[in-house]
Every structure is written in C-alpha cells, then in structure tokens.
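Residue-level listing of the chains:
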Amino acid sequence: MIRFVVAMVAAPAWAWTATCGAIRMVSPRCPDPLAGLSFAEQVDASLKWKFNPKDIHRVLGSWRMMARGEVRRGPISLSGHDNSDPFMRQEADSFIDNLPIVLFYEPLQYVWAAQLEAEADLVLQEFLEVTGDSSLESRGNNVWIDAGAGGVEDPNALAYGPEWRTLALQVRGVWDPVNVALFPKTVDLLRRVGAPTVEIFFAKMPAGSVINPHSDGCNFHLTSHLGLVVPEGQCWLKVGDQKRYWQNGKMMLFDTSVIHAAENEALTDRYVLMLRVWHPSLSSTEVEAINWIFNCLDEPELLQTALEEAATSKGKDRRKSRQRKALRSR
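On a predicted model such as this, the values are computed, not experimentally measured, just so you know.

## What about the overall build of the chain?
In terms of helices and strands, the chain carries ten helices and 14 strands. Counting all 330 residues of the chain, 52% fall into the buried class. For the chain, restricting intrachain contacts to residue pairs at least 6 apart in sequence, the fraction spanning at least 24 positions comes to 75%. As displayed, the chain has an accessible area near 15,100 Å², and 50% of this comes from carbon and sulfur atoms.

Structure representation (structure tokens):
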C-alpha cells in the first residue's frame with residue numbers, strides 16, 4: 001500500500017502525511033510568488049509545473065484532500081457480495097478517485113504474477129536456505145522487524161500486532177542493498193518479471209496470531225502474496241465479505257484499502273513473499289506523479305530546484321511574450 005507518510009516497511013507502507021500543510025520551506029533563492037508557500041502548496045505547484053494538470057487531476061485531488069486532513073471512509077456496495085457484512089467498508093487517507101474496487105483479483109491475469117507463481121520453488125528454496133542460517137540477523141538489515149519499528153504511531157500498523165514481522169527487499173521503490181545481496185535469485189526473478197512494485201518483503205505471521213480488522217489506508221496500491229511456508233487450511237485472510245486461505249506456491253492479489261483481517265490458527269508460522277503494487281487502473285503519468293510526491297517527502301530540497309526552474313521558465317515566457325508584442329506593434 002502507499003500512503004503519504006514516512007513509515008517503516010513493517011507498517012502499512014506509504015501515506016500522505018497529514019502534517020505537510022504546517023511545514024514551511026522558504027528559500028532565500030526562491031523567487032516570488034513561490035517564497036512562503038507551505039510544503040503542501042509547494043508540492044502542488046511542482047506537480048502542475050512538471051505535469052499537465054489534466055493528466056494528473058486525480059493525483060492533485062488526492063494530495064489536496066490529504067492537505068485538508070480528510071479521510072475517505074464509508075461503506076462499499078459490490079454486485080454479488082454481502083454488502084451488509086461490516087467488513088464491506090473502505091477507509092483511506094491516501095485516496096485516488098474512481099479506482100475500481102475488487103476484493104480479490106485473479107492474479108494470473110497479470111503476466112508478472114503468473115511468472116512469479118511459476119517459479120515459486122526458486123523463491124522458496126532460497127528463502128529456506130537464507131533464513132535457515134543462524135547468522136542472518138547479523139548479516140541482514142532490519143531482519144524480522146515488527147510493525148511498530150521506527151516509532152511510527154499508526155493504528156493501521158498496530159492492527160498487525162507485535163508478532164507480525166518483515167524482512168524487506170524493497171521500500172518505497174528503493175532496493176535494500178544489504179538484503180538484496182542475501183536473496184540474489186529472488187531479486188533477479190522479481191526484476192525479470194517486471195512486477196510494478198513499490199515494496200517487497202518477506203512477511204512472517206506466527207502460529208496462533210491474528211491481524212485485527214483494519215484498512216491499510218491507501219487505495220492506489222494493491223497487496224500481493226506468494227505463499228512460501230503455509231499451514232494450508234489453517235491460515236486465512238478476509239477482505240470485505242470474502243475469505244480465502246493461503247496456499248503454498250500460489251499468488252494472491254487483493255485490495256487492502258477495504259477492511260480486512262487474518263488469522264493463523266495453526267501451530268506453525270506462516271511465511272509469504274509480500275508485494276505492494278500499483279493499482280492497474282492508474283495511468284503511467286499518475287504513477288510518475290505519485291512517485292514525485294514521495295521523492296519530495298524523502299528529499300524536500302527537490303522542491304526548491306523544481307520551483308526555481310518553474311519561476312525561471314515563466315520569466316522567460318513573459319519576456320518572449322513582451323518581445324512578440326513589441327514586434328507586432330512596430
């Protein structure tokens with residue numbers, strides 16, 4: 001999932017941060033009228049400079065909704081479903097309008113998912129080899145961290161419980177070089193299949209544990225799992241009114257902006273390879289615009305450069321316009 005907040009991978013992944021409107025980024029080199037804009041306003045201005053606003057109107061609307069502190073929350077109604085089920089609700093503070101809701105997708109309709117499932121044994125064997133090494137914790141980076149790692153106070157993350165653990169390969173589109181080196185075959189496969197990922201990690205759900213009902217707070221990412229070590233028939237996931245059981249070597253793809261919960265009823269742990277992927281109904285330009293926002297959240301100094309370039313360009317355009325008018329008046 002992608003929400004606009006800086007969060008560790010153990011928590012639901014990305015979120016627009018609700019504090020952006022209060023942040024000031026005033027540069028003495030940033031010419032008027034850009035100087036003095038809030039962070040949220042600067043991001044808005046940079047988006048309109050870098051992209052055609054008509055092409056990213058949904059992203060602009062999402063960012064402005066976040067800046068106002070709004071949360072999209074309410075019941076959903078889907079044909080063929082029990083819409084009276086209390087799980088049939090969508091909650092998101094990072095929300096793109098008019099993205100279709102599908103509780104569970106048929107994952108094999110997507111080439112990347114079909115190819116990943118076809119080579120599930122490769123992922124499993126490397127996973128067992130690497131995680132079976134007693135030196136993994138000292139060799140890896142943030143090995144099996146919990147949902148509260150990094151001090152992120154997010155009720156959505158807390159729903160995962162203190163026992164849910166992750167080992168990340170990719171966070172916010174950036175590969176972790178330490179952990180990538182531990183799983184070279186898996187990473188090579190993921191790159192070859194071209195999965196549209198923003199996060200990739202191994203997830204551990206211990207025996208007897210539960211994930212309480214919650215939303216991951218973002219509707220423009222879907223979540224995908226490849227079952228690796230699964231106590232089949234004893235470990236389930238419910239999204240909306242639908243309940244599915246994990247299977248070894250099988251893909252799942254689902255919408256975690258809808259209320260969902262899970263339980264491992266077995267006496268053994270469950271492990272999956274977990275991917276956050278872009279919603280397939282986003283355009284490539286919208287994906288690029290959202291990535292720009294996250295780049296700005298990570299590196300706010302990018303805004304100064306972008307807005308100074310915008311101001312310089314506007315100044316040149318005004319001079320050219322005056323020159324054309326002067327020539328026409330001769």
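## Considering the nonpolar core
Core analysis: the largest hydrophobic core is formed by 34 residues, its most contacted members being W112, W144, F202, L226, L228, L273 and L275. Residue contacts for W112: discarding those within four places in its chain leaves V193, G194, A195, P196, S224, M251, L253, L275 and V277.

## Focus: the packing of aromatic side chains
For the coordinates displayed, the defined rule picks out eight aromatic pairs. Pairing W164 with F201 gives two aromatic rings, centres 6.2 Å apart and planes at 90°, and the pair type is edge-to-face. Taken as a pair, W164 in the loop between α6 (155-158) and β4 (165-171) and F201 in strand β6 (residues 197-205) lie far apart in primary sequence, 37 residues in all. There is no split in this pair, since W164 and F201 are both buried. Put simply, the rings of F127, W144, F183, F202 and Y271 touch in pairs and so form one group of aromatic residues. Sitting over the ring of W292, K50 keeps its end group 4.4 Å from the ring centre. Directly above the ring of W236 sits K243, whose terminal nitrogen or CZ lies 4.4 Å from the centroid.

## Some details on helix α1 (residues 39-50)
Compared with the 16 Å implied by 1.5 Å per residue over twelve residues, the 16 Å span of α1 between its first and last C-alpha is a close match. Every buried residue of α1 is accounted for by F39, A40, Q42, V43, D44, A45, S46 and L47.

## A few points about the sheet that holds strand β10 (residues 235-239)
In space, the four strands of this open sheet follow the order β7-β13-β10-β11, with antiparallel pairing throughout. The open sheet has two free edges, formed respectively by β7 (210-214) and β11 (242-245), since each of these has just one partner strand. Shown here is a sheet whose adjacent strand axes are inclined to one another by a mean of 15°, direction ignored. As defined by bridge partners, β7 adjoins strand β13 (residues 260-264) across three bridges and the pair is classed as antiparallel. If you follow V210 over to β13, its bridge partner there is E263.

## Remarks on the side chain of S224
Structurally, S224 is set in strand β9 (residues 221-229). You can call S224 buried: its relative accessible area is 0%. Here the side chain of S224 touches M252 through a polar contact of 2.9 Å, landing on its backbone oxygen. If near-sequence neighbours (up to four positions away) are discounted, S224 is found in contact with W112, M251, M252, L253, L273, M274 and L275.

## Brief notes about the side chain of S215
Within the fold, S215 resides in the loop between β7 and β8 (217-218). By relative accessible area, which is 2% here, S215 ends up buried. Of note is the side chain of S215, whose polar atom sits 2.9 Å from the backbone nitrogen of G217. A polar atom in the side chain of S215 sits 3.0 Å from the backbone oxygen of S257.

Reading guide: rules and limits
- Residues numbered from 1 in each chain as written.
- Predicted model: local features only at pLDDT ≥ 70, side-chain atom pairs only at ≥ 80, totals over all residues.
- Heavy atoms only, no water.
- Helix = DSSP H or I, 4+ residues; strand = E, 2+ residues; numbered from the N terminus.
- Buried < 20%, exposed > 50% of the residue type's maximum accessible area, 1.4 Å probe, protein only.
- Contact = heavy atoms within 4.5 Å.
- Areas by Shrake-Rupley, 256 points an atom, 1.4 Å probe, with all protein chains shown as cover.
- Core = buried A, V, L, I, M, F, W, Y, C linked by side-chain atoms within 4.5 Å.
- Phe/Tyr/Trp six-rings, centres within 6.5 Å; stacked < 30°, edge-to-face > 60°.
- Lys NZ or Arg CZ within 6 Å of the ring centre and 35° of its normal.
- Expected span 1.5 Å × (residues − 1).
- Pairing = 2+ DSSP bridges.
- Axes fitted to C-alpha atoms, helices over the stretch in contact; angles between N-to-C directions.
- Polar contact = N/O pair within 3.5 Å; in protein donor to acceptor, adjacent residues only side chain to side chain.

Read these as layout, nothing more, since geometry by itself doesn't imply function.
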